[in-house]
Amino acid sequence: MRYEIDSILVREDQIRDRVSVIGRDISELYRGKSLVMVGILKGAVMFLSDLARAVDKDVDVSFDFMSVSSYGKSTESSGVVRIVKDLDSDIRGKDVLIVEDIVDSGLTLSYLLQVLNHREPASLSVCALLDKPERRKVQVPINFRGFVIPDAFVVGYGLDAGGRWRHLPSIWSVRPVQD
Ligand code: XMP
Ligand code: MG
């Protein structure tokens, strides 16, 4: 299936404003603490990088990354989640914040929570830029949320369709092209 970009769902300035609010919320909650921000590759890269800069210096922030695969070539969740790259650091006793681009079926996040909880962090929370609640198959907690969006496949600001359009500063919906 080929896609083309359709229309803007969330503009660059809306993302910037929301990221700064979430950054303040995170700063308040973790003030004086150490926080491991765990970015889920590759989709959360832009979000993590902007969000981290919105967290103030009174939080002792470090980064780690994980890569999981929940999709094959299609845009539908296969339900199969596999760790492609694990964390570099031990999170036992640490305050951990998972930073995700989007929660769709919830299968990826549910799996991540299970795996990371098993490592006994002091706390484990979730920050997701986008939430598509209509698509949920399993209930998952989202502590910090950017935007609730309708059931559309979206790209931009880190999100891709077949590897394309991650670099766009806004979030766009895509539509399949008939050929
Ligand atoms: P689940 O279904 O496990 O999916 O909650 C989470 C992961 O699926 C990818 N995903 C998307 N990627 N546009 C994308 O570029 C989308 O609309 C979309 N919906 C789900 C994404 O990698 C997310 O981490
Ligand atoms: Mg992702």
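Residues numbered from 1 in each chain as written. Chains lettered and ligands numbered in written order. Predicted model: local features only at pLDDT ≥ 70, side-chain atom pairs only at ≥ 80, totals over all residues. Heavy atoms only, no water.

### A word on the pattern of salt bridges
All told, the structure shown has 13 salt bridges when counted by the stated rule. Across the salt bridge formed by R175 and D6, the nearest N and O atoms sit 2.8 Å from each other. Residue R175 is found in strand 9 (residues 171-177), and its partner D6 is found in strand 1 (residues 2-10); the two are separated by 169 residues along the sequence. Residue classification places D6 among the partly exposed residues on the basis of a relative accessible area of 36%. A salt bridge links R119 to D86; the nearest nitrogen and oxygen atoms lie 2.8 Å apart. On the criterion of sequence distance, the pair formed by R119 in the loop between helix 3 (107-117) and strand 6 (123-131) and D86 in the loop between strand 4 (77-85) and strand 5 (95-103) is long-range, its members being 33 residues apart. (Salt bridge = Lys/Arg side-chain N within 4 Å of Asp/Glu carboxyl O. Helix = DSSP H or I, 4+ residues; strand = E, 2+ residues; numbered from the N terminus. Buried < 20%, exposed > 50% of the residue type's maximum accessible area, 1.4 Å probe, protein only.)

### Focus on the sheet that holds strand 9
One open sheet accounts for three strands, arranged 1-9-8; its pairing is antiparallel. Sheet topology places strand 1 and strand 8 (154-155) at the edges, where each strand pairs with a single neighbour. Note: strand 1 against strand 9, six bridges, orientation antiparallel. From the neighbouring strand, I5 faces strand 9, where its bridge partner is V174. (Pairing = 2+ DSSP bridges.)

### Section: the packing of aromatic side chains
Enumeration according to the criterion identifies two aromatic pairs in this entry. Centroid distance F63 to F65: 6.4 Å. Interplanar angle 80°. Geometry classified as edge-to-face. (Phe/Tyr/Trp six-rings, centres within 6.5 Å; stacked < 30°, edge-to-face > 60°.)

### With respect to helix 2 (residues 45-53)
By the burial criterion, the buried members of helix 2 are F47, L48, L51 and A52. Taken down its axis, helix 2 places every buried residue within 120° of arc, on the same side. (Arc of directions from axis to C-beta.)

### Re the nonpolar core
Membership of the largest hydrophobic core comes to 28 residues, with the highest contact counts inside it found for I26, F47, L51, L97, V99, L130 and I171. Residue assignment for this core shows that the elements contributing at least two residues are helix 1 (12-30), strand 2 (34-41), helix 2, strand 5, strand 6 and strand 7 (144-148). Examining the composition of this core, we find that five residues originate from one element, helix 1, more than from any other. The residues contacting F47, other than those within four sequence positions of it, are V19, V99, E100, C127, A128, L129 and Y157. (Core = buried A, V, L, I, M, F, W, Y, C linked by side-chain atoms within 4.5 Å. Contact = heavy atoms within 4.5 Å.)

In short, shape yes, function no, at least from these values alone.
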